[in-house]
Every structure is written in structure tokens, then in C-alpha cells.
Amino acid sequence: MDPLKQRFYEKASALTKEMKALLKEHGQLKADEVTLSQIFGGARGIKMMMWETSELDANEGIRFRGYSIPQLQELLPAGPLGEPKPEGLFWLMLVGEIPTAEQVDWLSEQFRLRATVPEHTFTMLDSLPTDTHPMTQFILAITAMQTDSVFAQRYAEGIAKADYWDPTYEDTLNIIARLPKVAAYIYRRSFHGGQHIAPDPQLDWAANFAHMLGIPDPGFQSLMRLYMTIHADHEGGNASAHTVHLVGSTLSDPYLSFAAGMTALAGPLHGLANQEVIKWIFEMLDELGTRTPSKEQIADYINRTLAEGKVIPGYGHAVLRQPDPRFMAQKKYAEANLADSDIVQVVWKVFEVAPGILNDLGKVKNPWPNVDAHSGAILVHYGLTEYSYYTVLFGVSRALGVLAASCWSRAMGMPLERPKSLTSEWVKNFIKKQQEA
Ligand code: CMX
């Protein structure tokens, strides 16, 4: 057994045993109560699933196994320009321990060794019109690779439930290893005439992805390490993570459950917001006829967007109630590396103006920027201007968290997820009975 798998097995066996004993004794304790408003309001805040890899606090933002983003930047083994290698975050999320540089190098090598994509995936992609949305191509490519699922194969052979975690781990590492190649292929066929770039075996996972996209700047490689780290996980309740969890609970294999999660990420209220933000900014600049709008012009444009009944993309969040630390990490990166970029300056001016306007609406619970408000401007600076591709980058990163969490779900023997739905008739009867009581 490889060292990471061995460590995961030890950790997962111990925690599963501990949780079984806790549940036996305390299983009847109430962890939550649910109001009708929560049921009608998108299940906000209802505690209903286990997710080991990260936890979201409304004010502090995301913590991965207890570590904030600044702490990860301090503690995880880093690339040449100082940003953490996402391999280290994956290790941390999977086993709860900060890895050494040697362990991260071992994992980079694992991803290199497992990166062979079945040829029919490329044949399938090449059969699609090149203007097919990159997220559609991404989802189809993940599904096409499912022919290689170790989980599906072992399940068909008759694997015992206690062993589900093992092929889930194998699929997890294989999928993460292959995604950069597949995602870069989609980018190059969609926007660069199908001129593909071979992987560079000297590079770590994120830097190699940057290389295959065709942007050789070492600054872009470093940005990709940061980007792939901060987008990796956001606890279990967000739409993409929850979808992976739900579909995985049917024992649909990691390829299929991850592809399902990516269909959720492709929605504009979720991951697609990163393309919507930069599209909205470009439209604003075109309409105003300037690359350097004033704060007053931006405020006016925000008000016009709201008057048209649209949301301001990149602002608001279902859980967060402060500026997203993932936004702040990108802002810090931009301040250090590209402070004089026009497009970045626009993002910062929107940050100064939008929260006040959204607050004044009186209904927006969180007027602050989320992760998607900043990423596009930095990508544009490095030459990655094709914004319909941005959600694919998010998706490659998100694989790290949701697949590590899938390993935990299978190791802990999580059952088929099946919450209860209600009819309006039930709600009316329930209210009547409560009033009579
Ligand atoms: N612009 C305008 N109105 C907004 C808004 C925004 N950015 N954010 C919230 N609102 C509105 C909602 O549409 C809602 O209006 P109605 O009552 O008229 O329907 C009201 O404020 C209350 O919403 P909320 O409780 O504050 O927010 P929700 O939890 O319902 O929704 C989110 C959260 C992210 C969908 C919402 O803030 C939004 O649409 N933001 C813009 C899209 C975006 O950036 N999504 C990316 C989120 C991060 C991610 O998942 O990747």
C-alpha cells in the first residue's frame, strides 16, 4: 500500500470506529431544528451531512482541517515563487496532517504517473463543435474517462462494503492526475486551434497545468498553485460538493459523481459566477468607453444592473457574512504582483463601491465579494482572457476537496442520502395542527 493510502486507512479506520461508538451512545441527541423558512429557503444552515476536509465559518471563511488560507500559505510546501503546492492541500484534506516537502514531491510524482487519459476521451472531445461551452466539454470528458473507474470495476466484481474506500482512493488520485491534461486539451482545442502542448514532467501538478494551457510565465504557474489551493473545498453544503456527496452516496463511482458535481458548478449562482464577473466588467468598460472608470461611473453601472433585475456577480454568499478570504488572498497576490493592471484596479474600485449599494437594498444578507469577484481580472492580466473557460479552472481545483471527501464518505460507510420532501398540503396541515395545539 502506498504511504498516503496507508495513512488514510489508519486515520479512517480509527475515526470510523470512534464515530460508531459515539453514535451508539449519543445518536438520539438533536443537532438541529428546522424552520419552515429554511425548508422554503434553500435549506440554508440545516446541519445534515458529514464532511471532514474543510469547514466554513460565516465570518472567518473557510478553514481546511482547521487551517485558514494565510496559514496554508505559511505552512504548506511551496513552489519556487512562494505559493503553496495544491498537492500539499490534498494531502492535508485527506489525512489531516501538513505534509513534508518530500511527501508533496511524492504526490506530484504519483499524479505524473497516473496522468494517462484514455484516448477515446480526446476522440469524443474532438467530435464536439469547438464552441461547445468548456464546462460542457469538461463534464463530458470526465464522464468519458469513467470507462477506467477502478471503483466501478471492483463493484462489478463484487467488492465488500468495508473495502469501498480503496478503489475510491484509486479513482480519486487518477482523476486528479488526469484533469489538467483534459482541461488543457479543452482550452487549446476551443481557443488555440487545437495546438496542444505536451506535459512537462519536471513540473508540479498546478505548474504543469499552467504549462499545458500555454502560458509559460512563472508568475502564472505560481498563480495556478494559489488558485488551485484556494478553490479546492468549501465544506460540504455548497451545490457542487453536495451534489458529489449525494450522487456518490448511490455508489455511483467517483468519475460519475464528480461529473455530476461539475454540472452544479456550471450554474451562474455558483462556479459560473467567475465568468459572469469578468463578462459584466468587460460590458461595463465597453459601455462606459474607458478602461479606467471612476468610482461614480461604476456605482452608476451597478445601480443600472440592479434596476434591470439582475444580480451583481461575484457579490453575496449563502453562508459568508464578511469579504471572502479567498477574495482577500487573490487581492493580496494582485497587490504584490500586478498592482498597476487596469482590470485589477477596476475590481478593487467595485470592491469599494458595491458593498454599500448592496447593503442599501436592505435584503442582501452579505454585500461582500466572494471568491469569483477577483479571479478573472488576474487571469486576464496573464493573458487567459477567454472567460467562458474560467469555471473549468475552478472545477479542476474543486476535485481536490470533493474527491478527498468522497474517500471519507466511503471509508465511513455513509449510506444512501435520502432526505424527506414535503407538499404544500402537508405544510398547511402542519400549521393548522400547530395552531390548534
Ligand atoms: N446582487 C444583487 N442581489 C443580490 C446579490 C447580488 N450579488 N446577492 C443576493 N442578492 C439578493 C438575492 O437575489 C435575494 O433577492 P430576492 O429576495 O429578491 O430574491 C436577496 O438578495 C437575498 O439573498 P441572500 O439571502 O443574501 O443570498 P442567497 O443566499 O439567496 O444567495 C448567492 C447567495 C451567492 C446566490 C447570491 O448572493 C448571488 O446571486 N450572488 C451573485 C452570484 C455569485 O456571485 N455567485 C457565486 C457565489 C460563490 C460560489 O458559489 O461560487
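In this text, all values refer to a predicted model and were calculated from it rather than measured experimentally.

## Concerning the overall build of the protein chain
A count of helical and extended segments in the protein chain gives 20 helices and two strands. Taking 22 Å as the expected radius of gyration for a compact globule of 437 residues, we find that the protein chain reaches 22 Å, a close match to that expectation. With respect to the principal axes defined by its C-alpha atoms, the protein chain has extents near 70 × 65 × 45 Å. With 437 residues in all, the protein chain has 52% of them scored as buried. A separation threshold of at least 6 residues defines the contact pool for the protein chain, and within that pool the share at least 24 residues apart is 75%. For the protein chain, the accessible surface area stands at approximately 19800 Å², while carbon and sulfur atoms represent 53% of it. Within the protein chain, the 50 negative side-chain charges are centred at a point lying 6 Å from the centre of the 40 positive side-chain charges.

## A short note on the packing of aromatic side chains
Taken as a whole and assessed by the stated rule, the structure comprises 19 aromatic pairs. Geometrically, the ring pair formed by Phe 8 and Trp 165 is tilted, given 5.9 Å between the ring centres and 55° between the ring planes. Residue Phe 8 is located in helix 1 (residues 3–26), and its partner Trp 165 is located in helix 9 (residues 165–191); the two are separated by 157 residues in the primary sequence. Owing to a relative accessible area of 7%, Trp 165 belongs among the buried residues under this scheme. Counting every residue linked through ring pairs, the aromatic cluster contains Phe 8, Tyr 9, Trp 165 and Trp 408. If you follow Lys 331 out to its NZ or CZ, it ends over the ring of Trp 348, 5.6 Å from the centre.

Reading guide: rules and limits
- Residues numbered from 1 in each chain as written.
- Predicted model: local features only at pLDDT ≥ 70, side-chain atom pairs only at ≥ 80, totals over all residues.
- Heavy atoms only, no water.
- Helix = DSSP H or I, 4+ residues; strand = E, 2+ residues; numbered from the N terminus.
- Rg over C-alpha atoms; globule rule 2.2 N^0.38 Å.
- Buried < 20%, exposed > 50% of the residue type's maximum accessible area, 1.4 Å probe, protein only.
- Contact = heavy atoms within 4.5 Å.
- Areas by Shrake-Rupley, 256 points an atom, 1.4 Å probe, with all protein chains shown as cover.
- Lys, Arg positive; Asp, Glu negative; His and termini not counted.
- Charge placed at Lys NZ, Arg CZ, Asp CG, Glu CD.
- Phe/Tyr/Trp six-rings, centres within 6.5 Å; stacked < 30°, edge-to-face > 60°.
- Lys NZ or Arg CZ within 6 Å of the ring centre and 35° of its normal.

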